[in-house]
Amino acid sequence: MSANRTSVHGQWSSRWIFILAATGSAVGLGNIWRFPYITAEHGGGAFVLIYLVCIVLVGLPIMMSEILLGRRGRRSPIHTMAALAEEEGHSKHWRLVGVMGVFAGFFILTFYSIVAGWTLAYMARAVSGVFADASAQQTGAIFNALVSDPERLLAWHTIFMIMTVSVVSRGIKQGLEQAVRYLMPALLLLLLLLVGYSMTTPGFAEALSYLFKPDFSQVGASTVLIALGQAFFSLSLGMGAIMTYGSYLSGSAHIPRTTVSIGIMDTSVALLAGLAIFPIMFSVGLHPHEGGPGLIFKILPIAFGQMAYGNVLAFIFFTLLMFAAWTSSLSILEPVTAWLVEKTGYSRLRAAISAGVVAWALGLGSLLSLNLWSEVTLFGMTFFDLMEHLSVNIMLPVGGLLIAVFAGWFMSRSATSAELGLGNGAYLAWKVATRFIAPAGVILILLQELFGFLG
Ligand code: PFF
């Protein structure tokens, strides 16, 4: 049984709602925008395989750890880490893990909200019918017109941030729960609709083999880092989002089973997104390989433009993407908001607005780096790229590593086993994964990133 505490912020109405909310956090731009183009950049099936291994061996044990820490601490990540460290007789500095998570969250929001803004812009483009029969040059020009115009980007970024703040400010039951209750089923329905359509296109078989037939010739040491970073990003790990959601979970919910459900849903959505997107491209003779981050904004619309009812399909696709981004950004803003409420006694409304304004302001750096500041680079990266690289490839894995180390080595057995409710064998498996496999995996990969010793 879990510790008998409750969160001042409230509690999810049911385990099922928690699964929806956590899946809402996990399923986002990472699954539908990032996964397909990263997979395409790293050789298709081989990358998918490495990614799945990262999810199972590293991602799921860490997700269980985050949920268990959150539920035991029942506070925002910073206060949860401090409270649990004190309770278990360790240094209060463990709160820094929570602090880093909150920062990582801000960094992620800076570019997340910008890309989410693109999805809003593209819903409008789809309705206007501009993709009909568009050439690669034309779709490229449409995309460039958007990202090179700071005012347009600013408008969409602002609208998206307001959407995020307006849900988080309403709290758990009135805000987060209501949002995920409608958005998640709608998202799944839209995705299945698109996959159903893709199955009827001639490119489906090619897409299947592209996604599931491993070709290791494109795989290098850095591929594993990218796959791990993507696993963390996709499962929302390492920055306290899942820990915060876990702090609102009922004591009677079974954490391991819940985690596995979330992992399966997140992975399925990523694969289904691939199965929705790649066949459409293959069918019209486009190869996803060249797309990069512009894949679904520059290349996919060409395909939509050549299909019957392409505008409708494009609208469905970008709406789906926007819903996914929205439910994820809620979980990025929630930890900071909860922390501000605890720390300052602000009302939730004031806390959510304050956090949202700071995230919005930081986002301006990413926004401008796409146009006016595109020449300004640090370590060869623009502000946008730097934020993405730092948060996704460095901070999330480091955060996840520290969370695994804390849960695996510093929490007492009585506490972790009470929270997890596993039999001896399964508990041991979790312990081995959390103590050894996940940390070793993350450390090796970070060393590789820093020193490149694997060549
Ligand atoms: N998991 C989200 C996605 O795949 O798009 C992104 C994300 C949300 C990352 C929340 C981190 C986070 F805390």
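Keep in mind that what you see is a predicted model, and the values were worked out from it rather than measured. (Residues numbered from 1 in each chain as written. Predicted model: local features only at pLDDT ≥ 70, side-chain atom pairs only at ≥ 80, totals over all residues. Heavy atoms only, no water.)

1. Some remarks on the packing of aromatic side chains
Next, step 1: The full count for this structure, using the stated rule, is 25 aromatic pairs.
Next, step 2: With a centroid separation of 5.3 Å and 85 degrees between ring planes, the pair formed by Y210 and F278 is classed as edge-to-face. You can see Y210 sitting in helix α9 (residues 204–212) and its partner F278 sitting in helix α12 (residues 255–283), a full 68 residues away along the chain.
Next, step 3: Of the residues examined, Y210 reaches a relative accessible area of 15% and is grouped as buried.
Next, step 4: What makes F278 buried here is its relative accessible area of 0%.
Next, step 5: Between F297 and F318 the ring centres are 5.8 Å apart and the planes differ by 25 degrees, which places this aromatic pair in the stacked class. (Phe/Tyr/Trp six-rings, centres within 6.5 Å; stacked < 30°, edge-to-face > 60°. Helix = DSSP H or I, 4+ residues; strand = E, 2+ residues; numbered from the N terminus. Buried < 20%, exposed > 50% of the residue type's maximum accessible area, 1.4 Å probe, protein only.)

2. A word on the site of the ligand
Next, step 1: With respect to spatial proximity, 15 residues lie near the ligand, and among them A26, G30, Y112, F233 and M239 are the closest.
Next, step 2: S25 places a polar main-chain atom, nitrogen or oxygen, 3.1 Å from a nitrogen atom of the ligand.
Next, step 3: Classifying every residue of the shell around the ligand by side-chain character gives seven nonpolar, eight polar and no charged. (Near = heavy atom within 4 Å. Polar contact = N/O pair within 3.5 Å; in protein donor to acceptor, adjacent residues only side chain to side chain. Nonpolar A, V, L, I, M, F, W, Y, C, P; charged D, E, K, R; others polar.)

3. Some words on empty space enclosed by the protein
Next, step 1: Applying the stated criterion across every chain, the model contains two cavities of 30 Å³ or more.
Next, step 2: In terms of lining, the largest cavity is formed by 18 residues, of which the most central are S25, I108, F233, S236 and I332.
Next, step 3: Counting residues per element, the ones that place at least two in the lining of the largest cavity are α1 (15–26), α2 (29–41), α5 (95–128), α10 (221–234) and α14 (310–344).
Next, step 4: The class makeup of the residues in the lining of the largest cavity is ten nonpolar, eight polar and no charged.
Next, step 5: The computed volume of the second largest cavity comes to approximately 40 Å³.
Next, step 6: Taken together, P77, V97, G98, G101, G238, M239, G240, M243 and I403 make up the lining of the second largest cavity. (1 Å grid on protein atoms, 1.4 Å probe; cavity = no way out; pocket = protein on both sides within 12 Å on 5 of 7 lines; lining within 4 Å. Points joined across faces, edges and corners; volume = space filled by probe spheres on them.)

4. Some details on the layout of surface pockets
Next, step 1: Empty space within the largest pocket amounts to approximately 200 Å³.
Next, step 2: For the lining of the largest pocket, the secondary structure elements donating two or more residues are α2 and α16 (383–410).
Next, step 3: The greatest single-element share of the lining of the largest pocket, amounting to three residues, is contributed by α16.
Next, step 4: Among the residues forming the lining of the largest pocket, the class breakdown is seven nonpolar, three polar and two charged.

5. Things to note about the side chain of R348
Next, step 1: In this structure, R348 sits in helix α15 (residues 348–369).
Next, step 2: Classification of R348 as buried rests on a relative accessible area of 15%.
Next, step 3: Excluding anything up to four places from it in sequence, R348 contacts H9, V168, S169, R170, G171, Y248, E334, T337 and V341. (Contact = heavy atoms within 4.5 Å.)

6. Notes on the pattern of salt bridges
Next, step 1: Tallying each qualifying case throughout the model produces eight salt bridges.
Next, step 2: A salt bridge links E388 to R34, with the shortest nitrogen-to-oxygen separation between them at 2.9 Å. Taken together, the residues E388 in helix α16 and R34 in helix α2 connect sequence positions 354 residues apart.
Next, step 3: Under the relative-accessibility criterion, R34 is labelled buried at 6%.
Next, step 4: The salt bridge involving R348 is made with E334; its shortest N-O contact spans 2.8 Å. Remark: E334 occurs in helix α14 and R348 occurs in helix α15; sequence separation between them is 14 residues.
Next, step 5: The class of E334 is buried, set by a relative accessible area of 0%.
Next, step 6: Residues joined by salt bridges that share partners form a network here, namely R71, R72 and E419. (Salt bridge = Lys/Arg side-chain N within 4 Å of Asp/Glu carboxyl O.)

7. Focus on the nonpolar core
Next, step 1: In this structure, W12, L69, F297 and F317 are the most contacted members of the largest nonpolar core, which totals 163 residues.
Next, step 2: When neighbours within four sequence positions are excluded, W12 is seen to be in contact with I17, F18, A21, I172, L176, E177, Y245, Y248 and L249. (Core = buried A, V, L, I, M, F, W, Y, C linked by side-chain atoms within 4.5 Å.)

8. A short note on the packing of α10 against helix α18 (residues 424–451)
Any two packed helices are characterised by how steeply their axes cross, that is the angle between the axes, and by the distance between the axes.
Next, step 1: Between α10 and α18, whose axes approach to 9 Å, the crossing angle comes to 125 degrees. Classified by the interaxial angle, the pair formed by α10 and α18 is oblique. Here the hand of the crossing between α10 and α18 comes out left-handed. Listed contacts from α18 to A221, S222, V224, L225, L228 and F232 of α10 are V442, I445, Q448 and E449. (Axes fitted to C-alpha atoms, helices over the stretch in contact; angles between N-to-C directions. Parallel < 35°, antiparallel > 145°, perpendicular 65-115°, else oblique. Left-handed = near helix turned anticlockwise from the far one by under 90°.)

Nothing here speaks to function; it is geometry throughout.
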